[in-house]
Protein chains: 2
Amino acid sequence: MNGLHNGYLCGMSKPLILVSNDDGITSRGIRFLVDIMKKMGEVVVVAPDRPQSGMGHAITIGETLRLEEEDLIDDVKAYKCSGTPADCVKLAKHYILDNRRPDLVVSGINHGANTSISILYSGTMSAALEAAIEGMPAIGFSLCDYSSDADFTHIEKFVESIAKQVLNKGLPKGVALNVNFPPKRNEAIKGIKICRQARAKWQEEFDQRIDPNGRRYFWMAGNFVNFDKGEDNDEWAIANNFVSVVPCIFDLTAHHAISILNDEWDIVGE
Amino acid sequence: MNGLHNGYLCGMSKPLILVSNDDGITSRGIRFLVDIMKKMGEVVVVAPDRPQSGMGHAITIGETLRLEEEDLIDDVKAYKCSGTPADCVKLAKHYILDNRRPDLVVSGINHGANTSISILYSGTMSAALEAAIEGMPAIGFSLCDYSSDADFTHIEKFVESIAKQVLNKGLPKGVALNVNFPPKRNEAIKGIKICRQARAKWQEEFDQRIDPNGRRYFWMAGNFVNFDKGEDNDEWAIANNFVSVVPCIFDLTAHHAISILNDEWDIVGE
């Protein structure tokens, strides 16, 4: 247990597992995740009532939230929420679970990649990071396949293995996991790589059109551009048929830059 | 210029300054910021057409975006956008500026604090981080005063000083600044502190109510709880009447945790 904390201690009561996502409660990915988690503990689902991709770490302030019970899968308590993935985790903790503390929070399985910089835009990962802020072990799972009939079967044993390891060993304080899976290929997945976030970005293009009333509007589109030449990052792992596991923080301080600014700046500010 | 890069070189043409925010184009804070930036360079404003607080790093995918020219202040080009703060920066770069590269991107001045963990929920800072992803020097400014008639006059010289230093000296690669100002107090601001993000969180409470149709709804409310006992963080700086400057990254990798997971985990995954 060196360096790890907050692990679920085996031999005690059934662990409580909170499941959320950003594709919405009706997505195939969350149902697949619930089926795996049911084998490991008591599952409660709180997920958005509609797709919330690209919501980043948005929360609902200044507007009301709705929450309704939903029939998801036999014997699993499930709720749909009108808010964002981060709202779902907050509502789950403070209202639905009545301050019972989940032993694990899992989000996904997202339909599409959340590697590299996409973590910032990802609702899947904001649910996981929100749980980590609350001190709960948390994992966001994403399958790098955007197709609606994506095959999830090849990743089942990895989802189970990673969730079990986090339940048993915990995670370092203030860390959540961003887990991405390669799409189903002819070759089997080679294993798991612990990675850093690749240096990459989205290169947007805006498709300008005119609506039937003669007014201009835009669609955001774009390509993912990977600048990273390393082999220790999540983009490399997925391209080479490994599962990528990036440990993530919510302290955004550029600690290395503090001394640089102190050296260079006139900090009296006049 | 040790450790710094991408600074605007004095003596060349007038710098191009992009201004955005999350309170919307009609807010007092953005007008105050534009007035200061006009003294330093050519200003272009692209800001949301309505308040977008709490939007985090959300982007608009799967929905259309509107963009319209707006009369903001004499001789400043200004556009209002139906999207999020991150959308505004993307649209500005790829469409409005026609790939002219801003020498500085500033966001704010936010009406309310964006210290500590609030950076994750902050639309103000997502505009700055979006610019940093694009390699532009970027600053998010927030005044720790939520009142609609908040006084901005005491921070003017600090906004100007910080923006000038970033224009002249640049910022370390991949770093944006999260700048928060104390509210107007009897005592003058003491100066600028380069800080880390304080260890704190929002402790939510959900106010449950019944609508006129008998259906349940919730308001999210809550208190900010500061656990941090240090004196090197942004919460301490604001409480002690300093301007806090936190250098921020968009690489969320918990680099220290990579070796821990490699040591502890069965990474074959079976």
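Quick note: structure is the one above.
Residues numbered from 1 in each chain as written. Chains lettered and ligands numbered in written order. Predicted model: local features only at pLDDT ≥ 70, side-chain atom pairs only at ≥ 80, totals over all residues.

K.L.:
Hey, could you run me through the nonpolar core in this one?
P.N.:
Nonpolar side chains tend toward joint burial in soluble globular proteins. In this structure, L33(A), I139(A), L33(B) and I139(B) are the most contacted members of the largest nonpolar core, which totals 162 residues. Residues within four places of L33(A) in sequence aside, it is in contact with V19(A), V106(A), G108(A), I109(A), F141(A) and V159(A). (Core = buried A, V, L, I, M, F, W, Y, C linked by C-beta atoms within 7 Å. Buried ≥ 20, exposed ≤ 12 C-beta atoms within 10 Å, placed from the backbone. Contact = placed C-beta atoms within 7 Å.)

K.L.:
Would you explain the interface of chain A and chain B in this entry?
P.N.:
By a frequent convention, interface size equals the accessible area lost on bringing the separate parts together. Taken together, the contact pairs 71 residues of chain A with 71 residues of chain B. Looking at the side of chain A that touches chain B residue by residue, the class counts come to 40 nonpolar, 18 polar and 13 charged. (Nonpolar A, V, L, I, M, F, W, Y, C, P; charged D, E, K, R; others polar.)

K.L.:
For this particular structure, what's the right way to read the pairing of strand β1 (residues 16-20) of chain B?
P.N.:
Side-chain direction in a regular strand flips from residue to residue, so the side chains alternate between the two faces of the sheet. All names here are of chain B. In terms of burial, β1 is a largely internal element, 4 of the 5 residues being buried. Where β1 and strand β2 (residues 42-48) come together, 4 bridges link them in parallel fashion. Bridge assignment links V19 to a residue of β2, and that residue is V45. In this structure, β1 lies alongside strand β5 (residues 104-111), joined through 4 bridges in parallel fashion. Within β5, the position partnered with S20 by the bridge is S107. (Helix = DSSP H or I, 4+ residues; strand = E, 2+ residues; numbered from the N terminus. Pairing = 2+ DSSP bridges.)

K.L.:
What's the story with the relation of the copies chain A and chain B in this structure? I'm lost.
P.N.:
Relating the two copies of this chain is a rotation about some axis coupled with a shift parallel to it. For the pair chain A and chain B, the best superposition has an RMSD of 0.0 Å and corresponds to a rotation of 180 degrees with a translation of 0.0 Å parallel to the axis. Classification of the inter-copy transformation places it as that of a two-fold axis. When the interface residues of chain A are mapped onto chain B, 100% of them again lie at the interface, so the same face is used by both copies. (Least-squares fit on C-alpha atoms with pLDDT ≥ 70 in both.)

K.L.:
I tried to follow the pairing of strand β6 (residues 138-143) of chain A on my own but got confused; where do I start?
P.N.:
Residue and element names in this part refer to chain A. Counted residue by residue, β6 has 6 buried out of 6 residues, so it is predominantly covered. Burial of β6 is two-sided: the residues A138, G140 and S142 facing one way and the residues I139, F141 and L143 facing the other way are all buried. Sheet analysis places strand β5 (residues 104-111) next to β6, joined by 5 bridges and oriented parallel. Looking at the pairing, V106 lines up with I139 of β6. Inspection of the sheet shows β6 paired to strand β7 (residues 175-181) by 5 bridges, in the parallel sense. The partner of S142 across the bridge, within β7, is N180. Remark: the β6/helix α5 (residues 156-169)/β7 crossover connection has left-handed handedness. (Right-handed = clockwise from strand over helix to strand, strands pointing away.)

These values are about where atoms sit, not about what they do.
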